[in-house]
Amino acid sequence: MQDAETSTMKLLIKQRVFAITDTYDVYDEQGRAKYFVKNELFALLHNIHVKDKTGQEVGSVHQKLTLFLPRFQVEITGRQVGNVQAEFTLFRPKYTIDYMGWKCEGDIFGWDYSVYDRNTLVMTISKKLLHWGDTYELDFSDPEYELPGLMLVIAIDAANCSQQNS
């Protein structure tokens, strides 16, 4: 498998600490705002919208009502591209990821993992310590993975949040 040294770009996701709902700002490597992520305020389930810097919605994550365990549907520009489904476990959350043929390796819950498309590195995700609010760094191997990679990370974060609150 390729290693992370060949990466070409990064995004930084920063949680807004004093927001009423889950709200994140996403910046490029130079610190310029690139995306804005916000969960709907009065929704019973997660309904997360991702907008670009011009305010155009580019993706969404919707929690689907299931009998026992949450499932999150990911859409990019109105087209469904995958799902993240919680699985029943006793001690530690576990998810089935059906997303563009990608697979995750590492510690999703510690926010230190890599995503692969077959044997090609798509991105690495790491949580940055000692920041005000949650801050995550996404390191991409190819700029074409930026939006799909961001959407997957948002879906996994929503699933983690849903599991912690149940």
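This structure is a prediction, so every number in the text was calculated from the model and none was measured. (Residues numbered from 1 in each chain as written. Predicted model: local features only at pLDDT ≥ 70, side-chain atom pairs only at ≥ 80, totals over all residues. Heavy atoms only, no water.)

Undergrad: Run through the pairing of strand S6 (residues 71-76), naming residues and quoting values.
TA: Among the six residues in S6, five count as buried, and that is most of the element. Pairing between strand S5 (residues 57-64) and S6: six bridges, direction antiparallel. Following the sheet pairing, Gly59 is matched in S6 by Ile76. The turn joining S5 and S6, which pair antiparallel and follow one another in sequence, is formed by six residues. As paired strands, S6 and strand S7 (residues 79-87) are joined by six bridges and run antiparallel to one another. Within the sheet, the bridge partner assigned to Gln73 lies in S7 and is Asn83. Hairpin connection from S6 to S7: two residues lie between these consecutive antiparallel strands, with Thr77 at a positive phi of about 45 degrees. (Buried < 20%, exposed > 50% of the residue type's maximum accessible area, 1.4 Å probe, protein only. Helix = DSSP H or I, 4+ residues; strand = E, 2+ residues; numbered from the N terminus. Pairing = 2+ DSSP bridges.)

Undergrad: Could you give an account of the environment of Met9, naming the residues involved and the relevant values?
TA: Residue position: Met9 is located in strand S1 (residues 9-15). Sequence spacing of Met9 and Asp142 is 133 residues, and the spatial spacing of their C-alpha atoms is 7.3 Å. Discounting residues that sit within four places of it in the chain, Met9 has contacts with Glu29, Leu138, Asp139, Phe140, Pro143 and Glu146. (Contact = heavy atoms within 4.5 Å.)

Undergrad: So what's going on with empty space enclosed by the protein? Residues and values would help.
TA: Tallied over the entire structure, the rule returns one cavity of 30 Å³ or more. By volume, the largest cavity amounts to about 130 Å³. Looking at the largest cavity, it is lined by 13 residues, and the ones nearest its centre are Tyr24, Val37, Val153, Ile154 and Asp157. Elements with a minimum of two residues in the lining of the largest cavity: strand S3 (33-39) and helix H1 (146-164). (1 Å grid on protein atoms, 1.4 Å probe; cavity = no way out; pocket = protein on both sides within 12 Å on 5 of 7 lines; lining within 4 Å. Points joined across faces, edges and corners; volume = space filled by probe spheres on them.)

Undergrad: Provide a residue-level description of the nonpolar core, including the pertinent values.
TA: In this structure, Val84, Tyr99, Met123, Leu138 and Leu152 are the most contacted members of the largest nonpolar core, which totals 42 residues. Here this core gets 10 residues from one element, more than from any other, and that element is H1. With sequence-adjacent residues up to four places away left out, Leu138 is seen in contact with Met9, Lys10, Leu11, Ile13, Met123, Thr124, Ile125, Gly149, Leu150 and Val153. (Core = buried A, V, L, I, M, F, W, Y, C linked by side-chain atoms within 4.5 Å.)

Undergrad: Hey, could you go over the environment of Ile156 for me, with residue numbers and the actual values?
TA: Within the fold, Ile156 resides in helix H1. Taking relative accessible area as the criterion, Ile156 reaches 0% and is therefore assigned buried. Spatially, the C-alpha atom of Ile156 lies 9.6 Å from that of Ala86, the residues being 70 residues apart in sequence. Residue contacts for Ile156: discarding those within four places in its chain leaves Val84, Ile97, Cys104, Ile108, Trp111 and Tyr113.

Undergrad: Give me the lowdown on the pattern of salt bridges, citing residues and values where you can.
TA: Counted by the stated rule, this structure contains seven salt bridges. Lys34 is the salt-bridge partner of Glu146, the closest N and O atoms lying 3.1 Å from each other. Of this pair, Glu146 sits in helix H1 while Lys34 sits in strand S3, and the two are 112 residues apart along the sequence. With a relative accessible area of 6%, Glu146 lands in the buried category. (Salt bridge = Lys/Arg side-chain N within 4 Å of Asp/Glu carboxyl O.)

Undergrad: Pulling in residues and values, what's your account of the pairing of strand S10 (residues 112-117)?
TA: Burial analysis of S10 places five of its six residues in the buried class, which makes it a mostly covered element. In terms of strand pairing, strand S9 (residues 102-107) meets S10 through six bridges, oriented antiparallel. Looking at S10, one finds that Cys104 is bridged to Val115. In this structure, the hairpin formed by S10 and strand S11 (residues 120-127) is closed by a connection of two residues, where Arg118 is found at a positive phi of approximately 60 degrees.

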